[in-house]
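Per-entry structural report
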Amino acid sequence: MSLQTDSFVAEEMAKVRECFEEQLHSNLLVDGISLHIEAQLHALINEMIGQLGIFRGKMLRPTLVLLCGRACGPLNHQHHVIAAVIEMVHLATLVHDDVLDEAQSRRGGVTLNALHGNETAVILGDLMFSHVFQLCSSLDSQTFGRLISSATNAVCGGELWQLYNRGNYELTEQSYIDIITCKTASLMSLCCHLGAAAAGMPEAACRLFNSFGLNLGIAYQIMDDVTDLVGDEDSAGKTLGTDLVLEKITLPCIHFLQYASPDDKKWWHDMAKSASHLTAQQLREQHQEILQKLHRTGSLDYARHRAAEHIEKAEQNLTEARHAVSSEVGRLDNNETMSRQGVWQRLSELTTRVIRI
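To keep things clear, this report deals only with the structure shown in the data block. Just so we're clear, the structure is a prediction, and the values are computed from it rather than from any experiment. Each chain has its residues counted from 1, following the order in which its sequence is written. Confidence filtering applies because this is a predicted model: local features only for residues at pLDDT of at least 70, side-chain atom pairs given and counted only at 80 or more, and all residues used for totals across whole chains, interfaces and linings. With hydrogens and water stripped out, all remaining heavy atoms of the structure feed into the side-chain values.

Another point: the packing of aromatic side chains. Note on aromatic pairs: the rings of Phe, Tyr and Trp (six-membered ring only in Trp) are paired at centre separations within 6.5 Å, and the planes decide the class, stacked below 30 degrees, edge-to-face beyond 60, tilted for the rest. This structure, assessed with the given rule, holds four aromatic pairs. Taking 5.2 Å as the distance between ring centres and 15 degrees as the angle between the ring planes, the aromatic pair formed by Trp-161 and Tyr-164 counts as stacked. Taken together, the positions of Trp-161 and Tyr-164, both in helix H7 (residues 142-164) and three residues apart, correspond to about one turn of that helix. Judged by its relative accessible area of 64%, Tyr-164 is exposed. Pairing Trp-267 with Trp-268 gives two aromatic rings, centres 6.2 Å apart and planes at 65 degrees, and the pair type is edge-to-face. Ring pairs connect the aromatic residues Phe-256, Trp-267 and Trp-268, which therefore count as one cluster. Positioned above the aromatic ring of Trp-267 is the side chain of Lys-293, whose terminal nitrogen or guanidinium carbon lies 4.8 Å from the ring centre. The helix and strand labels rest on DSSP assignments: H or I over at least four residues marks a helix, E over at least two residues marks a strand, and numbering proceeds from the N terminus. For every residue, the accessible area (1.4 Å probe, protein chains only) is compared with the maximum for its type, and the residue is labelled buried under 20%, exposed over 50%, or partly exposed between those bounds. We call a charge positioned above a ring when the Lys NZ or Arg CZ atom is no farther than 6 Å from the ring centre and deviates by at most 35 degrees from the ring normal.

As structure tokens, this is what we get:
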């Protein structure tokens, strides 16, 4: 990872932060409401936003907007707005996810629902979605706003379908892929697509960036689900083990149930049904047995292999996108050529790093 692209991302992310915070400080209430009430409400929201840990996470989605945009040409204000909008959508869904999962930790801190209760957390998530609508209205292209709305619909639909399928141990691998394509990959593909589009790339090139983000997002979510089973909370930055407790059916589970012995299948069903009633200590004690069974059927390795397949596709998409951009922009001076090479390298490194999360 080159220092040049690290510096570039840091500088541009500061502009995204400025856009994000400016939006959060915009007028919240209708004309005629007491300024005193509005000031108190701003203070409350700022406190909760600070507790949410904005800009302490991976910031993968805004980074994808910035890198894909810069790979195609100079960045502009539209890139900063798009990056802020998509991160706001992502954070709103995280707040709602933590409520659904009854999570206690996120990004090294206590979740909003644990601090303030479920009702407050849900309303804050809703408020962030309303800010998304407001920010979208400032974009030059109505097409960008429609694409953001469509992706947000897909994210919420994917979360709803996953919720509906909790405890459905007949869930197929294809259905699982459909769920994570909606709830995770759709937003990542949007980041890459709009990064290129805001830089003026034609639709054909934008579709290649879209495919890159889609495959990257599928791989990312598969590995995130693996991490929920084998990771540690300090490095993951969130409460782990919730998938089992809440009977979320992920790829390692689907593979295990397909190839496990009848006795192991019965054990898994009994374990999953009782997990929500176990203490934290009992869950930790059971964890090693879970891992042993998943290793025995090769379920963890299978999930990692499927993620690696999508990373391979993403790398191919990235190569094709690079060729498409080169054919569009023509000759560049040496400084610009070196700068873009650094950006493409960063995108490639980011892609391969996903299967190591």
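Helical geometry note: an α-helix holds 3.6 residues per turn, so side chains three or four residues apart project in the same direction. To estimate how far a helix should reach, multiply one less than its number of residues by 1.5 Å. With 19 residues, helix H6 (residues 118-136) extends 27 Å between its outermost C-alpha atoms, agreeing within 8% with the 27 Å of an ideal straight helix rising 1.5 Å per residue. Burial in H6 covers these residues: Ala-121, Leu-124, Gly-125, Met-128, Phe-129, His-131, Val-132, Leu-135 and Cys-136. Looking down the long axis of H6, one finds its buried residues gathered within 155 degrees of arc, a one-sided arrangement. In H6, the exposed positions angled more than 90 degrees off the buried face are occupied by Glu-119, Ile-123 and Phe-133. Read the arc as the range of directions from the helix axis to the C-beta atoms.

Each pair of packed helices can be summarised by the angle the axes make with each other and by the distance between the axes. Between helix H15 (residues 299-329) and helix H16 (residues 334-353), the shortest axis-to-axis distance is 10 Å and the interhelical angle comes to 165 degrees. Classed by the angle they form, the pair H15 and H16 counts as roughly antiparallel. Judged by the sense of rotation from one axis to the other, the crossing of H15 with H16 is right-handed. Between H15 and H16, the contacting residues are Ile-311, Ala-314, Glu-315, Leu-318, Ala-321, Arg-322, Val-325 and Val-329 on the first element and Arg-340, Gln-341, Trp-344, Leu-347, Ser-348, Thr-351 and Thr-352 on the second. Put simply, Ala, Val, Leu, Ile, Met, Phe, Trp, Tyr, Cys and Pro go in the nonpolar bin, Asp, Glu, Lys and Arg in the charged bin, and everything else, Gly too, in the polar bin. Along the lines of polarity and charge, the residues of the contact of H15 with H16 split into eight nonpolar, four polar and three charged. Every angle, taken between N-to-C directions, lies between 0 and 180 degrees, and every axis is a line fitted to C-alpha atoms, over only the stretch in contact when it is a helix. Orientation categories follow fixed angle ranges, with anything under 35 degrees roughly parallel, anything over 145 roughly antiparallel, 65 to 115 roughly perpendicular, and all other angles oblique. In this scheme, a crossing is called left-handed if the near helix is turned counterclockwise away from the far one by less than a right angle; it is called right-handed if the turn is clockwise. Here, residues are in contact when the closest pair of their heavy atoms is within 4.5 Å.

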